[in-house]
Structure formats: C-alpha cells, structure tokens
Amino acid sequence: MNIFKLLANLAEVDPEAYQRLSARRGMLSSLGQLSRKTAATALPLGVGAVLQKAYGRNTQTILDTFTLALTLEHLENEFYTKALEAGRNGTLTFAPGTQAVFQQIQAHEQAHVAFFQRQLQSSNAAVPAKPNFDFTGSKNGTKPALYADVFTNFATFLKVAQLLEDTGVRAYKGQLEFLISDNDVLQAALQIHAVEARHAAHIRGMRRALGANVRDWISKDDETITNTSTAAVYAGEDAEKQTLPGLPITQFPTDTTPFAVGPKPKVSLGEAFDEPITTGVATQLAGLFTF
Amino acid sequence: MSKLLNSGGDEAEFAKPLYVPIKRRSFFMYAGATAGATALLLSSCNDDDDDTSMPGMVDVGSGDTGVLNYAYALEQLEAAFYTMVKAGDYYKNAVAAEKAILDDIAAHEIIHREFFKAALSTSAIKPLEVDFSSINFGDRTAVLGAAKTFEDLGVAAYNGAGQYISSADYLTLAGKIVSVEARHAALIRDLISNGSFVNDVVSPTTGLELSKSPVDVANAANMYLKDGFKINVGNIK
C-alpha cells in the first residue's frame, strides 16, 4: 500500500476526515519532528482509524478506548464518592483510618475522569455523559441485587472495590494495543493502569487485615468473591502459560522444559502475570452497575 | 463515496483496497513492517554521535529486542535482590506473614527473569552480576527500603518504556508484568508504613504514576550492578 497516495486520495474524497487526522497531534504536517518510531507506526494506524471513521468499519479506535476508559473511571469515581457520602451520613462505617485512603483514591479517579474528558474534547469527539450507576447491581431495583449492602457493610464495600479495581487493571491492559500509535496517550494510560493496580493491591491488603484470604496480586489461592454475574472479573486471569508470538520460543514455560520455581510453581506463574480483558468483557462488567 | 464507486481506471484500482475490509491485525503487521523498513533506512544515515556506551557496559540493543533486554536486566536485578533477601537474617527472623509475602514476590521476579530470558533466547544479554554491598540484609528497614526502590523503579521503567515498543503483543506482555510490579510496590510500601502505597509516586492532581526514561532508570539500576555489567540503554529510541 502506498500510504502517501492513499492519504492524498483520502484528502480528496473526505477532506474533513483528512483534516481531523491532520490536526490530531500534527501527525501529517510534522512527520519529520516526530520520533522515528511514532512516524513509522502511527501513520498507518492513524489512517486506519480515519478509514474506519469515514467508511464505517466496525473496528476499535483510540476514541473508543477513551470512551470505555471514561466509563470505567466514572464508575470508580462515583463508587468512592457514594461510599464517602455514606460514611459522612453514618450509614457506612469505615475501618479506623481508612476514610482518608479512600478520599485519596477517589481524588485519583476524579482526575482520571477529567483526563479522558479532556482527551475526547481535544479530539473534537462527543464526551459521553456520566451513566446512571447502581452499585448494588439491582439496576435501580429492577432485578435482585448482587451486593445489597455495598454502602452499609464495609466488608461488602471492600469486595466491590476490589472487583472494580481489578477490572480496571485488566481493562486498561486490554486497551494498550489500541494506543500503540500515540505515545503520549499510551504513556498516560500506562501511568493510570499502574495506579489502579496500586489501588487494587491496597484494597486487597485491607481485606486481608480484616481476615479475608486474599493477596495483593490476583491468585488462584484467593478466596472466591465472585458469583455467576461477576465471574468474568477473574475469568482467564490465572493463566499458567504465556504465549510469545514472533519470538524464538512460542510459549513460556515450554511443554518440554517446564519451569518450576518455589513450592507452588503453577500458582506463582498465574500470579506473576496480570491478564487483560477485552473491550466487550470490560463493557459487560461496567454494565452490571449501570442502568 | 459515490465518487469512488463511479470512478474508473487507475483511481478505481487504487480505491479497491478501501473496500476490502482492513483488519486491525493487518494494520499492525503493516505498521511493524514499516517500522522495520524505516529503521533500516535510518540506520544508514545515523552516525551514532549520541552513542553513550562506555567500554565494558552491556548494550541492551535497539528496537523491541532492546526494550525486552532492558526489562530482562531490571528483572535480573529484582530477582537477584529477593534471592539475597531470602538468604539474609531479616528474612530468617521475619514473621510468617512477611516471609510468605517475600517468598511470593521472589517467585514472581524469578519467573519474570526466566520469562524474558526464554523470550529473548539467543538475543538475550548475558547474566548480570549485582553489587548489593550497600544493603544490610539483616535489617528490615534497609531491606524493605531497597525493595521499595526496586519496585517503584520497575513500574516507572515500564511506564516509560511502552512508547518504545513497536509490537502490540510485546506491549501487552509488558502490561501484564507492570501491574504485578505495581502491586508489589504498593505492598512493600504498606509494609513500611500502611497507607503509603501511592505516596510520592502518584500525583494527587493528575492521578498519574511516575514514568522514567530508560536512561534515568539505567543510571539508578547501574548503582547495583558490578563494573562490566552496567547496562547501556542508549540505543533504545
């Protein structure tokens, strides 16, 4: 494919799409100023995104990632905001000293919401309104609740918090590949991804301090806190093998030379890698608490 | 659209690909091929005047192999550190819960090291020799303080290295590891002082965690590597 000829034709066919692409981080006008890698990888992908937009291809773009990320951050931000409100009203009793931690976490989520709103605005894309959330999972009372006492029982609140944070970590991981063409956004997504992992770890530690059998990382040895509705949060998370496309060996550990470390190698192998979830699974999980 | 549909000759030939579904994967393949071709083209006009390598340093290389070797170097450092921790007096006298945590983290880091070693195969850098003489492995504060340094450094390194990865598959693999490192970092910090899991590494205003360039990370990591094993990341660009 001759990418420059394609672009020239695209400009003729759909000048608006061409300009949008052009305006987005000056991709076309400042090729020479971009890093070599960005120039090489971003261009075909950017063109792909425009083609998808202009010609209705149903394939994921960076904007789709922003939209999903915004939904997930709204979800978390509202979750902690509601919990802190319940704490002030006296309906939710936080363990001593933990309220300040959740204020800190909520502030991060709020900043993440603002980040993705800005990204969408600067892309001239529609900024979706905050969805309606019901953290009991009853969809505003239209079905049986999944976590009826989420804002009245601190242990339940922590369980849901863990599920939301681990979902966030897996969801961002699944989105990284769609951001590979935009270095700035990719780095920001990685910086948010790591923060969600720190949140998840600390919340898991809080649950452990209250007697739960749970580690700071996702482990096969953790007690189960999901039900049939929420099973997807950890489905496929304990993979004991990693695939290595395009590398000299295609699997780790290999079948012929299994790798064993420590007293429980399979558990450790599952723990050592957090696994991604797809856009579809992330959307479905967010949907449990949306109406 | 109608213009394209009705056009003929060369234009129609050119327009043809627009109507063939272009799968995302093939775009990535195309992107990868372009990156490779560009690298070849550029290498011929690069006089390497920004090469910061010194004799006796271990060059991690360039491109995706360079980034994977960079990660391999950091995982070697972490795995060696926890191996030393487990041989030290603090660990021997630690309460069961802390021992279990250090056992798990040590296993994860060894797995990460072996993973990169296997992935890189013949492209892997040599095993690195470490210098932990500045760390008192008999002292809890010293051990956890060093663990915090290594874990935070690892997360910031992966955060800053993603942009140098061309392959979507390797980017996802790095993502699978960095969140586990972030979990380690949060836990070690909470062991030092409960509730400090994000202090001074996550901005309270932006909600973003620190990110560090390969050069900054290498400078920090090289303090714990013996002469002849310090890493040069100058070719990761």
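Residues numbered from 1 in each chain as written. Chains lettered and ligands numbered in written order. Predicted model: local features only at pLDDT ≥ 70, side-chain atom pairs only at ≥ 80, totals over all residues. Heavy atoms only, no water.

With respect to the overall build of chain B
Item 1. Along the backbone of chain B there are nine helices and two strands.
Item 2. Overall, chain B shows an N-to-C arrangement of helices and strands of α-α-α-β-α-α-α-α-α-α-β.
Item 3. For chain B, the residues scored as buried account for 52% of the 237 residues in total.
Item 4. Here chain B has roughly 10,200 Å² of accessible surface; of this, 57% comes from carbon and sulfur atoms. (Helix = DSSP H or I, 4+ residues; strand = E, 2+ residues; numbered from the N terminus. Buried < 20%, exposed > 50% of the residue type's maximum accessible area, 1.4 Å probe, protein only. Areas by Shrake-Rupley, 256 points an atom, 1.4 Å probe, with all protein chains shown as cover.)

A short note on the overall build of chain A
Item 1. For chain A, the helix and strand inventory stands at nine helices and two strands.
Item 2. For chain A, the sequential pattern of α-helices and β-strands runs α-α-α-α-α-α-α-β-β-α-α.
Item 3. Pairs at least 24 residues apart make up 69% of the contacts formed inside chain A by residues separated by at least 6 positions. (Contact = heavy atoms within 4.5 Å.)

Let's talk about the domain arrangement of chain A
All names here are of chain A.
Item 1. The domains assigned to chain A are domain 1 (3–55), domain 2 (62–235 + 276–287) and domain 3 (242–271).
Item 2. The straight-line distance from the C-alpha centre of domain 2 to that of domain 3 is 30 Å.
Item 3. Every contact between the two is made by five residues of domain 2 and, on the other side, four residues of domain 3.
Item 4. Summed over both sides, the interface of domain 2 with domain 3 buries roughly 360 Å², with 45% coming from carbon and sulfur.
Item 5. Applying the counting rule to domain 2 against domain 3 returns one salt bridge.
Item 6. Here K264 makes a salt bridge to D221, at a shortest N to O gap of 3.7 Å.
Item 7. If you look at where domain 2 meets domain 3, you find two residue pairs in polar contact (both at pLDDT 80 or more).
Item 8. Residues that form the side of domain 2 that touches domain 3 fall into these classes: two nonpolar, one polar and two charged. (Domains from an automatic or database assignment. Buried area = accessible area lost by both parts, 1.4 Å probe. Salt bridge = Lys/Arg side-chain N within 4 Å of Asp/Glu carboxyl O. Polar contact = N/O pair within 3.5 Å; in protein donor to acceptor, adjacent residues only side chain to side chain. Nonpolar A, V, L, I, M, F, W, Y, C, P; charged D, E, K, R; others polar.)

Quick look at the side chain of B:D64
Residue and element names in this part refer to chain B.
Item 1. One can find D64 in helix α4 (residues 63–87).
Item 2. A relative accessible area of 17% places D64 in the buried class.
Item 3. Sequence-distant contacts of D64, that is, excluding residues within four places in its chain, are made with Y164, I165, S166, S167 and Y170.

Some words on the nonpolar core
All names here are of chain B.
Item 1. Membership of the largest hydrophobic core comes to 97 residues, with the highest contact counts inside it found for Y70, F81, Y82, F116, F132 and I231.
Item 2. With 13 residues, the single largest contributor to this core is α4.
Item 3. Among residues more than four places away in sequence, those in contact with Y70 are V60, A157, A161, S213, P214, V217, I231, V233 and I236. (Core = buried A, V, L, I, M, F, W, Y, C linked by side-chain atoms within 4.5 Å.)

Observations concerning helix α7 (residues 140–161) of chain B
Item 1. The first and last C-alpha atoms of α7(B) sit 31 Å apart over 22 residues, in line with the 32 Å expected at 1.5 Å per residue.
Item 2. Extensive coverage of α7(B) is indicated by the burial of 16 of its 22 residues. (Expected span 1.5 Å × (residues − 1).)

A few points about the packing of helix α7 (residues 183–209) of chain A against α7(B)
Item 1. Between α7(A) and α7(B), the shortest axis-to-axis distance is 9 Å and the interhelical angle comes to 150 degrees. On the basis of their axis angle, the class for α7(A) and α7(B) is roughly antiparallel. Between α7(A), through A:Q187, A:L190, A:Q191, A:A194 and A:R198, and α7(B), the contact on the second element is made entirely by B:D152, B:V155, B:Y158 and B:N159.
Item 2. Counted by class, the contact of α7(A) with α7(B) contains four nonpolar, three polar and two charged residues. (Axes fitted to C-alpha atoms, helices over the stretch in contact; angles between N-to-C directions. Parallel < 35°, antiparallel > 145°, perpendicular 65-115°, else oblique.)

Some details on helix α8 (residues 168–192) of chain B
One turn of an α-helix holds 3.6 residues; hence residues three or four places apart share an orientation.
All names here are of chain B.
Item 1. Over its 25 residues, α8 extends 36 Å from the first C-alpha to the last, a length consistent with the 36 Å expected when each residue adds 1.5 Å.
Item 2. Counting buried positions along α8 gives 23 out of 25 residues, so the element sits mostly inside the fold.
Item 3. The N-terminus of α8 is capped by S167, whose side-chain oxygen sits 3.2 Å from the backbone nitrogen of D169.

Overview of the packing of aromatic side chains
Item 1. Tallying each qualifying case throughout the model produces 29 aromatic pairs over all chains.
Item 2. Taking 5.0 Å as the distance between ring centres and 75 degrees as the angle between the ring planes, the aromatic pair formed by B:F81 and B:Y82 counts as edge-to-face. B:Y82 shares its class with B:F81; the two are buried.
Item 3. Feature note: the residues A:F79, A:Y80, A:F94, A:F102, A:F133, A:F135, A:Y147, A:F151, A:F154, A:F157 and A:F289 constitute an aromatic cluster, connected by ring pairs.
Item 4. Across the ring face of B:Y91, the terminal group of B:K99 is positioned such that the distance to the ring centre comes to 5.5 Å.
Item 5. We note B:K126 situated over the ring of B:F229; from NZ or CZ to the ring centre the distance is 4.5 Å. (Phe/Tyr/Trp six-rings, centres within 6.5 Å; stacked < 30°, edge-to-face > 60°. Lys NZ or Arg CZ within 6 Å of the ring centre and 35° of its normal.)

Quick notes on the packing of α4(B) against α8(B)
Residues and elements named next belong to chain B.
Item 1. Their axes nearest at 12 Å, the elements α4 and α8 cross at an angle of 25 degrees. Classified by the angle their axes make, α4 and α8 are roughly parallel. For the element pair α4 and α8, the recorded crossing hand is left-handed. Packed against α4, whose contacting residues are D64, L68, E75, E78 and Y82, the element α8 presents Y170, I177, E181 and I188 at the interface.
Item 2. Along the lines of polarity and charge, the residues of the contact of α4 with α8 split into five nonpolar, no polar and four charged. (Left-handed = near helix turned anticlockwise from the far one by under 90°.)

What about unusual backbone geometry?
Where the residue is not glycine, phi is negative for most of them; where a peptide bond is considered, it is trans in most cases.
Item 1. Residue A:P253 is bonded to the preceding A:F252 through a cis peptide linkage, with omega at -15 degrees.
Item 2. Summarising the element assignment, A:P253 is placed in the loop between β2 (251–252) and α8 (265–272).
Item 3. Positioned with a positive phi, A:K139 is a non-glycine residue whose angle comes to about 50 degrees.
Item 4. Tracing the sequence through the fold places A:K139 in the loop between α5 (99–122) and α6 (154–175).
Item 5. The phi dihedral of B:D200 falls on the positive side, at around 55 degrees, and the residue is not glycine.

Structural notes on the side chain of B:N159
Item 1. Following the sequence through the fold, B:N159 ends up in helix α7.
Item 2. A relative accessible area of 1% places B:N159 in the buried class.
Item 3. The contacts of B:N159, once residues within four sequence positions are left out, are A:Q187, A:L190, A:Q191, A:A194, B:V178, B:E209, B:L210 and B:S211.

Remarks on the pattern of salt bridges
Item 1. Inspection of the entire model under this criterion finds 24 salt bridges over all chains.
Item 2. For B:R183, the salt bridge goes to A:D166, with nearest N and O atoms at 2.8 Å. Here the residue B:R183 occupies a position in helix α8, and A:D166 occupies one in helix α6, the pair thus bridging two chains. The two residues B:R183 and A:D166 agree in class, both being buried.
Item 3. Where salt bridges share partners, they join A:D166, A:R204, A:R215, A:D222, A:D274 and B:R183 into one cluster.

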